[in-house]
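# An overview of the molecular structure
Here's the letter readout for the chains.
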Amino acid sequence: MIRFEHVTITYPEATTPTLVDVSFEVPEGELCLVVGVTGSGKSTLLRAVNGLVPRFSGGILAGSVVIDGRTTSDVAPRDLADVVGVVGQDPAAGFVTDFVEDELAYAMENLGVAPDVMRRRVEDILDLLGLHELRHRPLASLSGGQQQRVAIGSVLTAGPRVLVLDEPTSALDPAAAEEVLAALTRLVHDLGITVLIAEHRLERVVQYADRIVMVPGDGRPVVVGTPAEVFGGSVVAPPVVELGRLAGWSPLPLSVRDARRVAGPLRDQLASIDTAVFSRKVRSLGDVVATTDGLQASYGPITALRGVDLEFRAGEVVALMGRNGAGKSTLLNHLVGLREPVSGAVQVMGSVPHRLSARDVVRVAGLVPQDSGVLLYHDTVAAECSASDRDAGLVHGTTRIVLDRIVPGIDASTHPRDLSEGQRLGLALSIVLASEPPLLLLDEPTRGLDYGAKQRLVEVLAQLAADGHAVVIATHDVEVVAAVADRCIVLAEGEVVADGPARDVVVHSPVFAPQVAKVLAPLALLTVNEVQLALAAASDSSYS
Amino acid sequence: MNRQLPSIATKRLLQMRALQAAAVVLLGVVVSASVLVGLADTASASSCSGPIRDGEIRVVLVVDASDLGGSSSATCLVVPAGTTGSQLLARRGNELGTGSPRYGSSGLLCAIDGLPATGCGDRNSGGYGYWAYFFDGGGNWSYGSNNPFSKRLNDGAIEGWRFVVGGCGCGLDPSPRIGPSRSLFPALAPALPALPEPPSTSAPSSPTSNPSTNAGGASTPIPQSAGDANLEQGVGEAEPGSLTVTTAVEAVVVGDVALASSNSTDSNTGRWIGIAAVFILIGFMAGGAWVQTRRSR
Amino acid sequence: MTAPRLLHPGAWWLWAVGLAACALRTTNPVLLCLIIAVAGWVVASRRADVPWSRSFASFLRLGMIVIAVRIIFQIFFGVRIPGTTLFTIPEVTLPDWAAGVSLGGPVTLESLMAAFYQGLRLAAVLACFGAATSLCSPYRMLRALPTVLYEAGVAVTVAFTFAPQAIVASRQVREARRLRGRSDRGVRAWSASALPVLEGALDRAVALAASMDSRGYGRRGSSSVSVRRRSVGLVLLGLVAIAVGSYGLLDPSAPALFRIPALGVGAAALIGALVAGGKSTVRTRYRPDPWIGPEWMVSIAGIVAFASFVLVGRMGDALSPSTNPLEVPAVPVVAVIGLLVAALPAWFAPHPPTLASSSAPLVVAA
């Protein structure tokens, strides 16, 4: 169904090609997962499937891409609309109309489908994706998961045989991500549609994948194979695969269910150990850095936060979790003084953040927003770093050093908008860190980061906490929370539902538990590292 | 330093307040306008043949309305130095009792002495019907393409306006039938010492019903020939019309109070009632819209 | 009362054009204020709860800016017709070649009122336009266009969505400035946020274009190039002819050929283009908006208001109160009644679907 033949893609003004001699084939009816580090060319690969690369992005494509017998170099993307459907990362950016039903019908209108056929297909897609209650809603009022499903539906109505999705679940909370992935698997299994999906959070998807295409980047050849083949030898792998490698399970389990089936002996081995010993060394907590007291916040008539009482101390890493719209971003905005509370008090280092001038507030609290690109408005990375040094009154080059520690290897003359997600986040983080605020806030930093970048972020955050900062990170990524957070706060509908040590909050929750905890339940182990330490301790104790 | 970012509610409150303030200011302007309209103005001038005070000049204004069925007239006026051409027209209307000229909304001069009664620079077959402006260019009329309204007059200036039917709006249009000549100025009497007199601006007055030009204290009979006599063509034969108003120091009220006539008062009251009714209606609509917007948030 | 649904956008536009035509015919401030109030009242009553419905307030603000600019221009550059002087600005005598322009001088009440009336008229037209954009979605308007004009309409629609998105984006960028320790107030903040906002808008536009292209936008049928060229040529000819004919109608000095005959030629060319072009594009319409009773009622309300103004114009000059000499404007009852008829859609047009009633069907008839 999809065939890449010796495809080499070079973007304009790039010195090296992004993809070199890529050849693989995806047969019909498979769910194919494209993995790779940030900036390795996954998006390029996906957009080459329907011809958006090179027709929209510019560049040179050597070789040929053949979809269902049609070559993309002969056929424009609009003429491939009835064969390939493409869904981007931000569904809202691709919406043309205002209402759900109109959006679903848009593709069919373009193709000139007869009106009665259009009616039937819209009804079918509404049922298939569970959208029938939303059909008259304005698109702007939908949640992220609902928007993503509408975006999928809008390309499905044209009846394509191939569906291409670029990180569909990156912005979604775990529950919404499950909805979308369930819809995709239903498409694959019930309708036989070929799905090509790029995802960083492999742990969610790898169990459904029939084939993996790993794009290593830097012009190295792609690796294609079944999940077991590809992950058996690769460094980047979801936690359950790493656990399998550690425990020596064969074949490597890809899902929690497969792992639990073979995890019995491991659980028994670790049962006798007091796992509390292997919890991360508790950092010594310093003084209180920030407090909120009865914080009430609202956007117009909607109450975003109700009576939130929290306290943040230096040296701790706090994870803020909850559904989309639960108030996490609102809380962070209030802590950095972008919003004024309706009632209640917010105090950071003794002062009220929304009353401070901009220069003063960045010395007490720093926020890396969800879209880190809004912080960057110079032409080159070098200009950003020197501007940041100037604004914070630092020695020239400090920001650059911090940047190299977080994300190494960024060319100083690159335009910030051309950086990959992880690189942009690293640049924004280094700019915020330049003035060394005691309270550091990050809003969804893990979006678009691959495992390696996430690992580096975890190390940086741990180092910052050790240096005495208070770090608050709002995230959906349970693996990152398991790796770095000391304390976990769960928000729902503007209220604090849970606030305690991360281990206690996260371990037995079906939504927030990391894969290792789910596999080894009821043992309270969160990461593969802890399992490693526990195994070592178990073998020691068995000898002693 | 207080740099708080106002919440959305506060911003809207501030905007509402700004709108209310603007509305109040507007209302104030409208009210004061109506009050000022009624104010009378004072004007006093020396005689064209009598003693000329310091700071005053003599100018002659020729108005040719013969193509409209009116008459040609040349009026000598004594005005403060630096009077503009438009102020001159207004003064002439005041002193002859024919009312101030009518202007269109774009600033085009529509009518002098109420002629033509309707229309303003209308186009008919053959060209435009409008008041053409001329000035004395060394003994002959020069078509004025510069701005008569800001041009400051000098002593001895002669200005001319002629209504042209079917003109081209250019220098080919016919000039007034009374030619510019020094004989339009009456001979001067010996000068009197200067009296302090602030120059006054002329005020528009609605066309008055009784063209009284002198009030109380007129000492000299007025050889009233302006505008009424049939003047012959030709330079130097026209009888200059001149006015004398009292030379007393006291200010003379010329022209009627604008809203004095009983007819206009009644209609104005009726109009104010109508305006009030409509604004009450607008207030209801605005209030209703406000309530609906609040409710739908 | 019918079930909640969205009205055909053409009906709202006809109503708004009727109101705007009324506004263009008068400088009577009372009537103009009433027009703005009627537009606001209908918008507040029948506005759907969607992002594009908040634009009316922005148009009102724009109208106030227009009035202020007009008055400022009058203060500095207006023609110095004598009147009740309020204050005097130092006069600047310009050289002879610029003698037609007056700079400075006494500022009279009459000239300010004239400027205010003219600015108010423009603000009323803007309010009518804002009402139309608030009441109907640009996208539905686009769908109602004939297919041959569709692609030109897409550019307009995308442009419509640019301004609200740019406002949201500029707020985000200015907040981000604060996060970097720079002030978010003042001219520097606005000018520094312009470039990121524009870059963001460009990115969004490219993403939108890619999404539309991937869904088949711009597909051509099997018609030949010459047929398409012919229909485009007819459209251009028709638009030019209509523009010339409109100018001819407004300018009394234009030759008779440029009036009704030009309009006739233009209309014929456009109809020919629609017929020819309709065959070449392959777009179909999903559940097009019907044109039934409420649509007729709304359009006729606008037309009635316009007719009442034409009537009042013939009966006297209450529509243009004089500013020199300044008089109290008369309020013609016929015009007020006409405008109240134009306010009727606030009661009799169907409610737009709200979130609460989102299970109700979007259109009455399929």
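Treat the numbers as computed from the prediction; the structure is a model and nothing was measured. (Residues numbered from 1 in each chain as written. Chains lettered and ligands numbered in written order. Predicted model: local features only at pLDDT ≥ 70, side-chain atom pairs only at ≥ 80, totals over all residues.)

Counting its secondary structure elements, chain A contains 21 helices and 19 strands. On the principal axes, the C-alpha backbone points of chain A span a range of 65 × 60 × 50 Å. A total of 544 residues make up chain A; the buried ones form 56% of that total. (Helix = DSSP H or I, 4+ residues; strand = E, 2+ residues; numbered from the N terminus. Buried ≥ 20, exposed ≤ 12 C-beta atoms within 10 Å, placed from the backbone.)

Another point: helix 9 (residues 239-247) of chain A. For helix 9 of chain A, the full list of buried residues reads Pro239, Val240, Val241, Glu242, Leu243 and Gly244 of chain A. Of the residues one or two after helix 9 of chain A, glycine 248 of chain A is the one with positive phi, at around 75°.

Moving on to the UniProt feature "domain: ABC transporter" (unreviewed entry) in chain A. Residue and element names in this part refer to chain A. Per the UniProt record, the feature "domain: ABC transporter" (unreviewed entry) sits at residues 2-243 and 289-518. Structurally, residues 2-243 comprises 35% helix and 23% strand, and the distance from its first C-alpha atom to its last is 33 Å. A distance of 34 Å separates the end C-alpha atoms of residues 289-518, which is 35% helix and 27% strand. (UniProt positions renumbered as here; feature names shortened; annotations may be inferred.)

With that out of the way, let us pick up the sheet that holds strand 5 (residues 70-71) of chain A. Residue and element names in this part refer to chain A. With antiparallel pairing, four strands are arranged side by side in an open sheet as 2-1-4-5. At either margin of the open sheet sits one strand with a lone partner, and together these are strand 2 (19-26) and strand 5. Direction of pairing for strand 4 (residues 60-67) relative to strand 5: antiparallel, over a ladder of two bridges. Bridge pairing in strand 5 places valine 66 opposite threonine 71. (Pairing = 2+ DSSP bridges.)

Attention now moves to the nonpolar core. Membership of the largest hydrophobic core comes to 265 residues, with the highest contact counts inside it found for Val34, Leu196 and Leu439 of chain A together with Leu19, Ile35, Val38 and Cys128 of chain C. Considering every element that reaches this core, the biggest residue donor is helix 4 (residues 109-135) of chain C, with 18 residues. Not counting residues within four places of it along the chain, the set of residues in contact with leucine 19 of chain C comprises Ile35, Val38, Ala39, Cys128, Gly302, Ala305 and Ala342 of chain C. One finds Cys48, Leu89, Tyr103 and Phe163 of chain B within the second-largest nonpolar core, a separate group that totals 36 residues. (Core = buried A, V, L, I, M, F, W, Y, C linked by C-beta atoms within 7 Å. Contact = placed C-beta atoms within 7 Å.)

Let's shift gears to the interface of chain A and chain C. Listed by partner, the interface residues are 51 residues for chain A and 41 residues for chain C. Secondary-structure elements contributing two or more residues to the side of chain A that touches chain C are helix 3 (100-111), helix 4 (115-128), helix 5 (144-156), helix 13 (358-364) and helix 14 (381-392) of chain A. Broken down by element, the residue count for the side of chain A that touches chain C peaks at eight residues, all from helix 3 of chain A. Split into classes, the residues belonging to the side of chain A that touches chain C amount to 31 nonpolar, 10 polar and 10 charged. (Nonpolar A, V, L, I, M, F, W, Y, C, P; charged D, E, K, R; others polar.)

Let's shift gears to the packing of helix 3 (residues 55-77) of chain C against helix 4 of chain C. Residue and element names in this part refer to chain C. Two elements in contact, helix 3 and helix 4, have axes whose closest approach is 8 Å; the angle formed by their N-to-C orientations is 160°. The orientation of helix 3 relative to helix 4 falls into the category roughly antiparallel. Once helix 3 is placed against helix 4, the crossing between them reads as right-handed. By residue class, the composition of the contact of helix 3 with helix 4 is 18 nonpolar, nine polar and one charged. (Axes fitted to C-alpha atoms, helices over the stretch in contact; angles between N-to-C directions. Parallel < 35°, antiparallel > 145°, perpendicular 65-115°, else oblique. Left-handed = near helix turned anticlockwise from the far one by under 90°.)

Residues and elements named next belong to chain A. The peptide bond linking serine 250 to proline 251 adopts the cis configuration, its omega dihedral lying at 0°. Position of proline 251 among the secondary structure elements: in the loop between helix 9 and helix 10 (256-262). For the peptide bond that leads from alanine 521 to proline 522, omega is 5°, which places it in the cis range. Mapping proline 522 onto the fold places it in the loop between helix 20 (515-520) and helix 21 (528-543). The phi torsion at histidine 6 lies on the positive side, around 50°, for a residue other than glycine. For histidine 6, the location among the structural elements is in strand 1 (residues 2-10).

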